[in-house]
Amino acid sequence: MELIATVTIIGVMAAYGFPQLMKVTEQSRVDLACANLESIWTAQRLYKAKTGDFTDKIPDLSDFLDESFLNTIEGTDSAFAYSMSTPTVTAFEIYAERQNSKSWAGTIMLNSTGTFSGNVFSGDMIIMPAPIR
C-alpha cells in the first residue's frame, strides 16, 4: 500500500513538473533568441553608421558580428531562424522564427526602435520576449 501511494505521489509530481520544465526550457531559448536579435540590432546600427544604409542580409553584418556567432545563428540545429525585412532609409525589422519543434511555434520581431513584439506558444502556454536592455 505504501508503495502504491509513493508511486502515485511521484506520478502526480511528474505530471505537474514536466510541463513546467518544458516551459522553462523554452523560455531560455526565447531569451537567447532575444539576445541574438539584440546583437544583430546593434550590428545593423553600426553597419548604417559605416555605410549610410541598413542591410537586409545578416551576413553583410560580419564586420560587426563574430564569425562563430554567425555560424551558430545560421546553423541547422538553431532553435530559431533569423531574418530581416527589406529596410527603409530609417527603419528595419529583424525576425527570429521558432524552428525544429513539433510543439512550439511563433516569431519574435525586433524593430529599429528597439521594440520587441510577437511570442512563442504551445497550446495555452505563451512565452513572451524580454524587453530590450
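Above this text is the structure in question.
Participant: Can you help me understand the pairing of strand S2 (residues 93-98) in this one?
Facilitator: Within a regular strand, the side chains alternate between the two sheet faces. The two faces of S2 differ: Ile94, Ala96 and Arg98 on one face are buried, but Glu93, Tyr95 and Glu97 on the other face are not. Here five bridges tie strand S1 (residues 80-84) to S2, and the two strands are oriented antiparallel to one another. If you follow Phe80 over to S2, its bridge partner there is Arg98. From the end of S2 to the start of strand S3 (residues 105-111), which pair antiparallel, there are six residues, and Asn100 there has a positive phi angle of about 55°.

Participant: Would you mind going over the environment of Cys34 with me for this structure?
Facilitator: One can find Cys34 in helix H1 (residues 2-51). Here the alpha-carbon distance between Cys34 and Met109, two residues 75 residues apart in the chain, equals 8.8 Å.

Participant: Looking at this structure, how should I read the packing of aromatic side chains?
Facilitator: For any pair of aromatic rings, geometry is given as the distance between the ring centres together with the angle between the planes. This structure, assessed with the given rule, holds one aromatic pair. Note on Phe54 and Phe92: the rings are 4.7 Å apart at their centroids and 55° apart in plane angle, and the pair reads as tilted. Of this pair, Phe54 sits in the loop between H1 and helix H2 (67-74) while Phe92 sits in the loop between S1 and S2, placing them 38 residues apart in sequence. You can call Phe54 buried: its relative accessible area is 13%. According to the relative accessible area criterion, Phe92 is buried, its value standing at 2%. Residue placement shows Arg98 over the ring face of Phe80; its charged tip is 5.7 Å from the ring centre.

Participant: Help me out: how do you make sense of the pairing of strand S4 (residues 116-122) in this one?
Facilitator: Two strands pair when backbone bridges link them, and S3 and S4 are joined in this way by six bridges, in the antiparallel orientation. Bridge pairing in S4 links Gly106 to Val120. In textbook terms, the turn of a hairpin is the stretch between consecutive antiparallel strands, and for S3 and S4 this stretch comprises four residues, one of which, Gly114, has a positive phi near 90°.

Participant: It is not clear to me how H2 should be interpreted in this structure. Could you clarify?
Facilitator: Spacing of three or four residues puts side chains on the same side of an α-helix, whose turn is 3.6 residues. Residues Phe69, Leu70 and Ile73 constitute the buried set of H2. Within H2, the buried residues cover an arc of 100° as seen down the axis, which keeps them to one side. Seen from the open side of H2, the exposed residues pointing more than 90 degrees away from its buried face are Glu67 and Thr72. Residues of H2 that are buried in the fold lie against H1 and S1.

Definitions and limits used
- Residues numbered from 1 in each chain as written.
- Predicted model: local features only at pLDDT ≥ 70, side-chain atom pairs only at ≥ 80, totals over all residues.
- Heavy atoms only, no water.
- Buried < 20%, exposed > 50% of the residue type's maximum accessible area, 1.4 Å probe, protein only.
- Helix = DSSP H or I, 4+ residues; strand = E, 2+ residues; numbered from the N terminus.
- Pairing = 2+ DSSP bridges.
- Phe/Tyr/Trp six-rings, centres within 6.5 Å; stacked < 30°, edge-to-face > 60°.
- Lys NZ or Arg CZ within 6 Å of the ring centre and 35° of its normal.
- Arc of directions from axis to C-beta.
- Contact = heavy atoms within 4.5 Å.

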